[in-house]
Number of protein chains: 2
Amino acid sequence: MGIVERKIRQKEEIRSSILKAAWQLVIEEGWQALSIRKIAEAIEYSVPVIYDHFANKEAILLELTKQGFRILNDELVKAKKRSSIPEKQIEAMAYSYWEFAFENKAYYQVMYGLGMPSCEIVNQIPELSTFSALILQPIKDLIAASKNTAADPFLKLHTFWSMLHGLISINMMNNNQGKEELNQMVIHDFITGFISGIKG
Amino acid sequence: MGIVERKIRQKEEIRSSILKAAWQLVIEEGWQALSIRKIAEAIEYSVPVIYDHFANKEAILLELTKQGFRILNDELVKAKKRSSIPEKQIEAMAYSYWEFAFENKAYYQVMYGLGMPSCEIVNQIPELSTFSALILQPIKDLIAASKNTAADPFLKLHTFWSMLHGLISINMMNNNQGKEELNQMVIHDFITGFISGIKG
DNA sequence: TACTTTTGCTAACGCTGTTAGGTAATATAG
DNA sequence: CTATATTACCTAACAGCGTTAGCAAAAGTA
């Protein structure tokens, strides 16, 4: 009697249709706009059915996040295979990671919870340019005194700020508890690397 | 007749009390839990009053974001003043930025929209450790072949991932349009810096 | 055929951002 | 000092959200 098998199969089908619909909505309107009711309408079931398959909305997002990491992982594996030289592998994986992020923006944003109130909020903050200038000057000075005086200070500023932000946000995600000495090393590693990168 | 002045002053007072209450709530419960109704209750006014001072909820968050950047800016200015040597300035500002982020977590999270569904979501993703191992191996290889064989591969992995994430998220925030060549330079800059940082 | 389990629904609870419309207090003009 | 205009403020609602209780119908089992 394949009845239970069929039932399991049907349940599985609903589950995957929920994920599919959710993903469609995320792509179309961003994960901010994702709602249980919209998913229910898309799969042509009533709302409570969704709760037979997922504990809550977060569980759905979590599943999409996992999907994203699996895809990313596959990409990285592919990239790594292209060479057996460690530095080439690292390089290829970095590019691959980068490409994944921009070719699968929706995934990356779900994975890291990016894109809050509105991403363009940044452009409404004049204070931002103020402190850009603040960091820009010493970078220019450093470039002027370096071996490569043709280096682009704006690029360096952008890199500086971005990397620092990355270090902080990953640390905040992991809710770093009692890892003070690790943090000290991380940021020290970053600063010395950045400065020596300019000096050439 | 200082009547209009008094009225302006009173309006200003309500406005700042809104921001104050909002900030209090953000600190206590995180910006996810911030709601117009809670603010209204806190300032002991009805809900629509808030809309006399701010166009919408986002405008309130934006104001808090601006506050955050102003405070951060002041910190950076202070840090910069401690030296006149460019690299010392950059170093001091990096540390200052880092400290600001962790001493003012709430601000930093509002500023960059951090902390989505739940920050601990990351710990529920086994896929994460899979691809950690993926990147870890070539890093270990590279360290083994470098001048500093005592370097911590986990630290390097952490740094690698964090920086890359920072570059990507800042780029996504700025909604990078037609800046392909800039992106190419940014990531190239990062990779070469990272690898040469390990090689020593 | 009678009973049990599964399946799916309606309707509600308590939130959310936002706004329409009305009332009461205040300020201005005659 | 009264009448008018303005401002300040509130109640109540709309439309949406995540989540769940409780019930009806269908499907499977005996």
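Draft legend 1. Quick peek at the overall build of chain A. A count of helical and extended segments in chain A gives 9 helices and 0 strands. Listed by position from the N terminus, the elements making up chain A come as α-α-α-α-α-α-α-α-α. Here the C-alpha atoms of chain A give a radius of gyration of 23 Å, more than 25% beyond the 16 Å that 2.2 N^0.38 yields for 200 residues. Classification of the 200 residues of chain A by burial places 50% in the buried group. Look at the contacts in chain A between residues 6 or more apart in sequence, and 55% of them connect residues 24 or more apart. Surface summary for chain A: the accessible area is close to 10,000 Å², and the carbon and sulfur share equals 53%. For chain A, the separation between the mean place of its 22 positive charges and that of its 23 negative charges on side chains is 4 Å.

Draft legend 2. Structural view of the side chain of Ser162 of chain A. For Ser162 of chain A, the position within the fold is in helix H8 (residues 153-173). By relative accessible area, which is 0% here, Ser162 of chain A ends up buried. Setting aside chain neighbours within four positions, we find Ser162 of chain A in contact with Gly166, Leu167 and Ile170 of chain B.

Draft legend 3. Up close: the interface of chain B and chain A. Tallying the contact residues gives 86 residues for chain B and 86 residues for chain A. Counting the surface chain B buries against chain A, the share from its top three residues, Ile90, Trp98 and Met172 of chain B, is 9%. Linking chain B with chain A are 4 salt bridges. The partner of Asp189 of chain B in a salt bridge is Lys156 of chain A, and the shortest N-O contact between them spans 3.0 Å. The interface formed by chain B and chain A includes 12 residue pairs in polar contact (both at pLDDT 80 or more).

Draft legend 4. Region of the structure containing the protein's contact with DNA strand D. The local shell around DNA strand D holds 21 residues, among which Arg6, Ile36, Arg37 and Tyr51 of chain A together with Ser46 of chain B are the closest. Between DNA strand D and Ile36 of chain A, the relevant distance is 2.9 Å, taken from a phosphate oxygen to a main-chain nitrogen or oxygen of the residue. The contact in question runs from a phosphate oxygen of DNA strand D to an N or O atom on the backbone of Lys57 of chain A, over 2.9 Å. Listing elements by their share of the surface near DNA strand D, those giving two or more residues are helix H1 (3-29), helix H2 (36-43) and helix H3 (47-50) of chain A together with helix H1 (3-29) and helix H3 (47-50) of chain B. Within the surface near DNA strand D, the residues separate by chemical class into 10 nonpolar, 3 polar and 8 charged.

Draft legend 5. Spatial organisation of the relation of the copies chain B and chain A. Once chain B is rotated about the relating axis by 180 degrees and shifted along it by 0.0 Å, it coincides with chain A to within an RMSD of 0.1 Å. On the angle and the small slide along the axis, the relation comes out as a two-fold axis. Taking C-alpha positions as the reference, the residue of chain B nearest the rotation axis is Gly166 of chain B, at 1.6 Å. When the interface residues of chain B are mapped onto chain A, 100% of them again fall at the interface, so both copies present the same face.

Draft legend 6. Examining the protein's contact with DNA strand C more closely. The environment of DNA strand C is formed by 20 residues, the closest being Ser46 of chain A together with Arg6, Arg37, Tyr51 and Lys57 of chain B. Sugar plus phosphate: this is where 58% of the atoms of DNA strand C within 4 Å of the protein reside. Here a phosphate oxygen of DNA strand C sits 3.5 Å away from a polar atom, N or O, in the main chain of Leu34 of chain B. Here Ile36 of chain B contributes a backbone N or O atom positioned 3.0 Å from a phosphate oxygen of DNA strand C. Secondary-structure elements contributing two or more residues to the surface near DNA strand C are H1 and H3 of chain A together with H1, helix H2 (36-43) and H3 of chain B.

Draft legend 7. Structural context of the environment of Glu41 of chain B. Among the secondary structure elements, Glu41 of chain B is positioned in helix H2. Spatially, the C-alpha atom of Glu41 of chain B lies 44 Å from that of Ile90 of chain B, the residues being 49 residues apart in sequence.

Draft legend 8. Highlighting the side chain of Glu63 of chain A. Residue and element names in this part refer to chain A. Among the structural elements, Glu63 can be located in helix H4 (residues 57-81). Overall, the relative accessible area of 16% leaves Glu63 in the buried class. With sequence-adjacent residues up to four places away left out, Glu63 is seen in contact with Arg15, Leu19, Phe54 and Arg70.

Draft legend 9. Representation of the environment of Glu28 of chain A in the model. With respect to the helices and strands, the residue Glu28 of chain A is situated in helix H1. When its relative accessible area of 52% is taken as the criterion, Glu28 of chain A is described as exposed.

Draft legend 10. Structural detail: unusual backbone geometry. One non-glycine residue, Glu44 of chain A, lies in the positive phi region at around 60 degrees. Residue Glu44 of chain A is classed as exposed on the basis of its relative accessible area of 71%.

Parameters at a glance
Residues numbered from 1 in each chain as written. Chains lettered and ligands numbered in written order. Predicted model: local features only at pLDDT ≥ 70, side-chain atom pairs only at ≥ 80, totals over all residues. Heavy atoms only, no water. Helix = DSSP H or I, 4+ residues; strand = E, 2+ residues; numbered from the N terminus. Rg over C-alpha atoms; globule rule 2.2 N^0.38 Å. Buried < 20%, exposed > 50% of the residue type's maximum accessible area, 1.4 Å probe, protein only. Contact = heavy atoms within 4.5 Å. Areas by Shrake-Rupley, 256 points an atom, 1.4 Å probe, with all protein chains shown as cover. Lys, Arg positive; Asp, Glu negative; His and termini not counted. Charge placed at Lys NZ, Arg CZ, Asp CG, Glu CD. Buried area = accessible area lost by both parts, 1.4 Å probe. Salt bridge = Lys/Arg side-chain N within 4 Å of Asp/Glu carboxyl O. Polar contact = N/O pair within 3.5 Å; in protein donor to acceptor, adjacent residues only side chain to side chain. Near = heavy atom within 4 Å. Nonpolar A, V, L, I, M, F, W, Y, C, P; charged D, E, K, R; others polar. Least-squares fit on C-alpha atoms with pLDDT ≥ 70 in both.

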